[in-house]
2 protein chains.
Amino acid sequence: MHDQTPCIDLGRLESVYAPLAESIRRLIDISIRTEAEPAAVAAVQAKIDAAAAELGEAAQPGPVGVHYLPDGQTVAWGNAVVGVRNPVAPPLVVHHEPDGVVWSEFTLGAAYEGPPGHVHGGICALVLDHVLGATAHRPGRPAYTGTLTLRYRRRTELGRPLRVQAHVERTEGVKTFAVGHLADEDGVTVEAEGIFIHPRQSPA
Amino acid sequence: MHDQTPCIDLGRLESVYAPLAESIRRLIDISIRTEAEPAAVAAVQAKIDAAAAELGEAAQPGPVGVHYLPDGQTVAWGNAVVGVRNPVAPPLVVHHEPDGVVWSEFTLGAAYEGPPGHVHGGICALVLDHVLGATAHRPGRPAYTGTLTLRYRRRTELGRPLRVQAHVERTEGVKTFAVGHLADEDGVTVEAEGIFIHPRQSPA
């Protein structure tokens with residue numbers, strides 16, 4: 001990494017780009033539910049296209065849509081689950097307890113639908129993969145999913161408070177065995193277990 | 001269902017709401033990659049908030065963000081994987097071959113990031129859950145995920161052409177056993193197997 005690598009400006013992230021993403025999340029949710037007339041939608045679409053063009057003038061170069069973090073680690077602002085800059089992310093705020101439990105509480109709206117009125121089974125998998133994986137992450141030493149197994153006990157409703165939590169069951173060398181679940185106020189909806197792997201360090 | 005239930009206007013979906021979602025997808029991608037200055041972002045955010053307010057005037061009522069299909073089936077325009085109205089969906093176009101193979105080809109950009117430059121493992125799970133499940137769907141008779149197991153062979157890059165495919169291995173009563181994988185041009189990146197369940201019909 002050389003001197004020209006830009007530093008992440010966390011202040012600008014919090015005050016500028018995170019609110020932008022939040023506005024786009026609201027737009028996404030409303031855009032799915034709107035029944036606006038064609039002329040109104042056309043006018044709105046013109047605004048959105050203009051907004052994208054303005055932001056695009058200063059978009060970082062690279063392959064279409066690929067976003068690389070400046071330093072390759074730790075501030076996952078573009079992450080599909082927790083990225084505060086990513087309008088696709090709910091985003092989850094993940095908490096790490098001293099006893100190793102990792103958890104998050106959140107609510108999912110129209111953008112995460114599978115069966116009508118319910119969370120897409122794959123979105124449940126997305127959230128569980130992330131939070132089970134988070135039990136294995138260490139600063140500067142990410143863990144990657146090796147295997148993930150999900151058991152769906154019942155459907156998960158959109159619009160209700162949800163909680164996801166996970167903990168480490170055991171570790172074996174580079175492997176972390178994690179278990180967890182997704183739940184609503186009536187109990188568990190999806191159970192998960194996974195093996196997360198720390199890539200071996202380069203030989204000294 | 002009574003007479004006032006609105007019909008789905010497929011023409012309006014295709015000509016009005018699908019292009020709106022596509023514009024928002026472009027906005028999402030650029031918003032993650034932009035390095036625009038705070039004043040420029042503020043101006044853009046005002047446009048986006050105005051757009052959301054205009055669409056919100058005609059948004060269907062209901063719990064925050066919950067989107068119910070008018071007839072409860074078949075046109076999954078809000079679906080998180082295939083919904084043409086859902087800006088969070090890539091969206092995948094899913095093909096069903098006469099021999100039972102279900103497949104889709106697509107490319108994922110910045111909005112689906114996990115490890116820097118790579119697809120989030122949970123997004124791989126989301127796509128595989130949907131396409132394995134699609135092998136079990138029958139018109140008017142949806143199938144729900146019972147279990148899903150994923151084996152990650154290597155990371156999946158953002159920005160490269162990807163293919164997901166699945167087929168039915170066997171069926172047992174209400175259970176469909178499906179297998180499949182996600183692959184890039186160099187081969188398989190994630191393998192999956194799942195059990196999908198048709199809820200039993202109401203007793204006659």
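Residues numbered from 1 in each chain as written. Chains lettered and ligands numbered in written order. Predicted model: local features only at pLDDT ≥ 70, side-chain atom pairs only at ≥ 80, totals over all residues. Heavy atoms only, no water.

In the annotation of an unreviewed UniProt entry, chain A is listed under the name Acyl-coenzyme A thioesterase THEM4 and assigned to Mycobacterium paraffinicum.

Novice: Go over the sheet that holds strand S5 (residues 175-184) of chain B with me, naming the residues and quoting the values.
Specialist: Sheet architecture is open: 12 strands sit in the order S1(A)-S2(A)-S4(A)-S5(A)-S6(A)-S3(A)-S3(B)-S6(B)-S5(B)-S4(B)-S2(B)-S1(B), paired in antiparallel fashion. Looking at the sheet topology across the chains shown, the edges are occupied by strand S1 (95-96) of chain A together with strand S1 (95-96) of chain B. Pairing of strand S4 (residues 161-172) of chain A with strand S5 (residues 175-184) of chain A, which is carried by 9 bridges, proceeds in the antiparallel orientation. Bridging from a neighbouring strand, histidine 167 of chain A pairs with valine 179 of chain A of S5 of chain A. The strands touched by helix H3 (residues 121-134) of chain A are S1, strand S2 (102-107), strand S3 (144-152), S4, S5 and strand S6 (187-197) of chain A together with strand S3 (144-152) of chain B; relative to S3 of chain A, the strand with the most contacts, the crossing angle is about 130 degrees. Packing against the sheet, helix H3 (residues 121-134) of chain B makes contact with S3 of chain A together with S1, strand S2 (102-106), S3, strand S4 (162-172), S5 and strand S6 (187-197) of chain B, and its axis sits at approximately 130 degrees to S3 of chain B. (Pairing = 2+ DSSP bridges. Helix = DSSP H or I, 4+ residues; strand = E, 2+ residues; numbered from the N terminus. Contact = heavy atoms within 4.5 Å. Axes fitted to C-alpha atoms, helices over the stretch in contact; angles between N-to-C directions.)

Novice: Tell me what's going on with the interface of chain B and chain A, and back it up with residues and numbers.
Specialist: Each partner contributes to the interface: chain B provides 79 residues, whereas chain A provides 79 residues. When the two sides are added together, the surface that chain B and chain A hide from each other amounts to roughly 7400 Å², 63% of it contributed by carbon and sulfur. There are 4 salt bridges connecting chain B and chain A. The shortest N-O distance in the salt bridge between aspartate 49 of chain B and arginine 26 of chain A comes to 3.7 Å. Taken together, the connections running from chain B to chain A amount to 36 residue pairs in polar contact (both at pLDDT 80 or more). Where the side of chain B that touches chain A is concerned, the elements lending two or more residues are helix H1 (10-33), helix H2 (38-56), H3 and S3 of chain B. (Buried area = accessible area lost by both parts, 1.4 Å probe. Salt bridge = Lys/Arg side-chain N within 4 Å of Asp/Glu carboxyl O. Polar contact = N/O pair within 3.5 Å; in protein donor to acceptor, adjacent residues only side chain to side chain.)

Novice: How would you sum up the environment of glycine 122 of chain A? Please name residues and give values.
Specialist: Summarising the element assignment, glycine 122 of chain A is placed in helix H3. Under the relative-accessibility criterion, glycine 122 of chain A is labelled buried at 0%. Sequence separation between glycine 122 of chain A and histidine 137 of chain A is 15 residues, and the spatial gap between their C-alpha atoms is 22 Å. In this structure, glycine 122 of chain A is in contact with Tyr152 of chain A together with Gly122, Leu126 and Asp129 of chain B, ignoring residues within four places of it in sequence. (Buried < 20%, exposed > 50% of the residue type's maximum accessible area, 1.4 Å probe, protein only.)

Novice: Hey, could you go over the packing of aromatic side chains for me, with residue numbers and the actual values?
Specialist: Inspection of every chain in the model, using the stated rule, returns 0 aromatic pairs over all chains. The ring of phenylalanine 177 of chain B is capped by arginine 170 of chain B, whose NZ or CZ atom sits 3.8 Å from the centre of that ring. (Phe/Tyr/Trp six-rings, centres within 6.5 Å; stacked < 30°, edge-to-face > 60°. Lys NZ or Arg CZ within 6 Å of the ring centre and 35° of its normal.)

Novice: Provide a residue-level description of the packing of H3 of chain A against H3 of chain B, including the pertinent values.
Specialist: At a minimum axis separation of 8 Å, H3 of chain A and H3 of chain B run at an interaxial angle of 160 degrees. The angle between H3 of chain A and H3 of chain B falls in the class roughly antiparallel. Crossing handedness for the pair H3 of chain A and H3 of chain B: right-handed. Residues Gly121, Gly122, Ile123, Ala125, Leu126 and Asp129 of chain A of H3 of chain A lie in contact with H3 of chain B, whose contacting residues are Gly121, Gly122, Ile123, Ala125, Leu126 and Asp129 of chain B. In terms of residue class, the contact of H3 of chain A with H3 of chain B is built from 6 nonpolar, 4 polar and 2 charged. (Parallel < 35°, antiparallel > 145°, perpendicular 65-115°, else oblique. Left-handed = near helix turned anticlockwise from the far one by under 90°. Nonpolar A, V, L, I, M, F, W, Y, C, P; charged D, E, K, R; others polar.)

Novice: Describe the relation of the copies chain B and chain A, with residues and values.
Specialist: By a simple turn and slide, chain B fits onto chain A: the slide is 0.0 Å along the axis, the RMSD is 0.0 Å, and the turn is 180 degrees. Given the turn and translation reported, the copies of this chain are related as if by a two-fold rotation axis. Every residue of chain B has its C-alpha some distance from the rotation axis, and the shortest such distance is that of threonine 149 of chain B, at 2.1 Å. The residues that chain B uses at the interface reappear at the interface of chain A in 100% of cases, marking a shared surface. (Least-squares fit on C-alpha atoms with pLDDT ≥ 70 in both.)

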